[in-house]
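# Coordinate analysis (summary)
Read off the chains here:
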Amino acid sequence: MSLPKDHYRHIPSVGTLIAAAPTRDVLAHCPRWAVLQETRALVQAMRDGEEPIVTKDEDKDAWHQRLAVQIASRAQETANYSLSRVINATGVVLHTNMGRALLAPAAIEHMANVAANYSNLELDLQTGERGSRYEHVRQLVCDLTGAQDAIVVNNNAAAVVLCLSVFAKDRDVILARGELVEIGGSFRIPEIMELSGCRLREIGTTNRVHLRDYETAVSEDTALLLKVHTSNYRVIGFTKTVSAADLRPLADESGVPIMYDLGAGCLVDLGAFGLPAEPTVQESLASGADIVTFSGDKLLGGPQVGVVAGRADLIDKLKKHQLLRAFRVDKLCLAALEATLRIYRDTQAPSTEIPCLQMLGLSSESIAERAKKFSESLRGVLPGDWQMQLRSGQSQVGAGSSPENGLPTTLVAIATGSSQAATVETALRRHRPAVMLRVGGGELLIDLRTVDPKDEDALTAALGAVANQ
Ligand SMILES: *Cc1c(COP(=O)(O)O)cnc(C)c1O
């Protein structure tokens, strides 16, 4: 691009902009480096012809003020934490992009206590000798699931890789074609098998597999009979799967263990929430799996960890393997897991204390009532041409669980008058605190199931600020 000859002459210096009142003011609560960085970037953009330049002398002061306001707001944004709170008004309870499960207060408290103090992480306080970090949750997992032994790693993907590497390196793993799953974020069972150094022995077809397919495939080279919970999709129609219980006689006869990657790791009956039953960890072990793997931050409602539970001799092999060190769970997640599991063990109704279960358990009537009150408070802050309506809809479990079944909810649907819903959605995402919601049929859709009641005022304020921009 060709710039006019006197282009550079009119550009204010970095010093001039820093001295302007709005920039000076932001320096009181914003680090100097952020203000300098944004000032330099703006000046450079003007030099490059990417920012308009005012050339009339009589308009200069007002222009410098405007630039300083811009710098102040960008510097503030730059200085803010990158990882920040989001108000989740999407109604997706376990949203992977928004951090999956929220922790229970007891888990947060225990985690903070372990973070702020030295702890007996790997110390046996009875003997004074080195202890194992896995001991802090081992008995809890065993009590809750009926497993003989358990270990914890940093997520379920690591749990699967660890098991495959340790139990099946250079050997065959038998898996039904209907269970060749891809989880979001490029976790694909065939690739994971390759990475773990085992040979995938696919059997059956996409929709059907029979016990005889497993029986025919088992050989001297078979290390595992693998089952993967098809958590994020369903094959419906003319289908047949083989359960862990069906596989048990074959496993006994051949001496090949059954491993079941459960994904969600549910400990309670989801039927109580009006959702189709997910296999629980305890049922899966009782029905015949030798070893199960599951996530801590899906339906369990705890921190990001992966749990391996099952036969003691198999868990022992994992404990002795080098790879375990690379997947080691950190003390904060371990603390949060211990507290979360204790809620399941010690309280009558864990679903009243574990946030994700709490949200799943909200009745559609109680959400309808909140939606009504909320829309009334919104009425006062939205422009006159914006229309609001309560509408029935569906909340989602998320994190790939119960993909085809939502929970009935009441949505606050907002028609945004002369503004585009997509533009408003973008502005809400860029607002602080950020607000995530759904857009459908040209309307904003708010599902209060995933909004903490104490965040409703902040949500109203964000909508009001964005609507009246
Ligand atoms: C979610 C899931 C995983 C991966 O678990 P992360 O907690 O994301 O590491 C693996 N297998 C199945 C079946 C899953 O649903």
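Bear in mind that the values here come from a model prediction, so they are computed numbers and not experimental data.

Let's shift gears to the site of the ligand. Looking at the ligand, there are 13 residues lining it, with Ala157, Ser231, Asp261, Ser295 and Lys298 nearest. Measuring from an oxygen atom of the ligand, one finds a side-chain N or O atom of Lys298 at 2.8 Å. Relative to its unbound accessible surface of 380 Å², the ligand loses 93% to contact with the protein. Put simply, the parts of the chain that give the shell around the ligand at least two residues each are helix H7 (156-168) and strand S9 (258-263). The residue inventory of the shell around the ligand, partitioned by class, reads 4 nonpolar, 6 polar and 3 charged.

To continue, consider empty space enclosed by the protein. For the structure on display, the rule yields 1 cavity of 30 Å³ or more. Taken together, Val141, Leu144, Thr145, Leu267, Phe294, Leu300, Val307 and Leu341 make up the full set of residues lining the largest cavity. With 3 residues, the single largest contributor to the lining of the largest cavity is helix H6 (residues 135-145). In terms of residue class, the lining of the largest cavity is made up of 7 nonpolar, 1 polar and no charged.

Another aspect to go through is the pattern of salt bridges. A side chain with one charge may pair with a side chain of the opposite charge, provided their charged atoms come close. Counted by the stated rule, this structure contains 28 salt bridges. Here Glu182 makes a salt bridge to Arg188, at a shortest N to O gap of 2.7 Å. Members of the salt-bridge network, linked through shared partners, are Arg248, Asp252, Asp290, Arg311 and Asp313.

The next thing to look at is the domain arrangement of the protein. Once the domains are mapped, the protein shows domain 1 (8-79), domain 2 (86-96 + 359-467) and domain 3 (105-353). Distance between the C-alpha centres of domain 1 and domain 2: 36 Å.

Now for the side chain of Thr416. Relative to the elements of secondary structure, Thr416 occurs in the loop between strand S13 (407-415) and helix H17 (421-430). When its relative accessible area of 3% is taken as the criterion, Thr416 is described as buried. Filtering out sequence-adjacent residues up to four positions away, Thr416 remains in contact with Trp386, Ala421, Val424 and Leu444.

Ordered by their spatial adjacency, 5 strands build an open sheet running S2-S12-S13-S16-S15, and the pairing between neighbours is mixed. Looking at strand neighbours, the two that pair on one side only are strand S2 (92-94) and strand S15 (438-440), the edges of this open sheet. Strand-to-strand twist across the sheet, computed as the mean angle between neighbouring axes with direction ignored, equals 35°. Packed on one face of the sheet, helix H16 (residues 364-379) meets strand S12 (387-398), S13 and strand S16 (443-447) and runs near 15° to S13.

Between H16 and helix H18 (residues 456-467), the shortest axis-to-axis distance is 10 Å and the interhelical angle comes to 40°. Between H16 and H18, the crossing angle belongs to the class labelled oblique. For H16 against H18, the interelement crossing comes out right-handed. Residues Arg370, Phe374, Ser377 and Leu378 of H16 touch H18, and the partners they reach there are Glu456, Leu459, Thr460 and Leu463. Partitioning the contact of H16 with H18 into residue classes produces 4 nonpolar, 2 polar and 2 charged.

This brings us to H7. Over its 13 residues, H7 extends 17 Å from the first C-alpha to the last, a length consistent with the 18 Å expected when each residue adds 1.5 Å. Within H7, burial applies to Asn156, Ala158, Ala159, Val160, Val161, Leu162, Cys163, Leu164, Ser165, Val166, Phe167 and Ala168. With a side-chain oxygen positioned 3.3 Å from the backbone nitrogen of Ala157, the residue opening H7 is Asn155. Two residues or fewer past H7, Asp170 is found with a positive phi of approximately 65°.

Conventions used here
- Residues numbered from 1 in each chain as written.
- Predicted model: local features only at pLDDT ≥ 70, side-chain atom pairs only at ≥ 80, totals over all residues.
- Heavy atoms only, no water.
- Near = heavy atom within 4 Å.
- Polar contact = N/O pair within 3.5 Å; in protein donor to acceptor, adjacent residues only side chain to side chain.
- Areas by Shrake-Rupley, 256 points an atom, 1.4 Å probe, with all protein chains shown as cover.
- Helix = DSSP H or I, 4+ residues; strand = E, 2+ residues; numbered from the N terminus.
- Nonpolar A, V, L, I, M, F, W, Y, C, P; charged D, E, K, R; others polar.
- 1 Å grid on protein atoms, 1.4 Å probe; cavity = no way out; pocket = protein on both sides within 12 Å on 5 of 7 lines; lining within 4 Å.
- Points joined across faces, edges and corners; volume = space filled by probe spheres on them.
- Salt bridge = Lys/Arg side-chain N within 4 Å of Asp/Glu carboxyl O.
- Domains from an automatic or database assignment.
- Buried < 20%, exposed > 50% of the residue type's maximum accessible area, 1.4 Å probe, protein only.
- Contact = heavy atoms within 4.5 Å.
- Pairing = 2+ DSSP bridges.
- Axes fitted to C-alpha atoms, helices over the stretch in contact; angles between N-to-C directions.
- Parallel < 35°, antiparallel > 145°, perpendicular 65-115°, else oblique.
- Left-handed = near helix turned anticlockwise from the far one by under 90°.
- Expected span 1.5 Å × (residues − 1).

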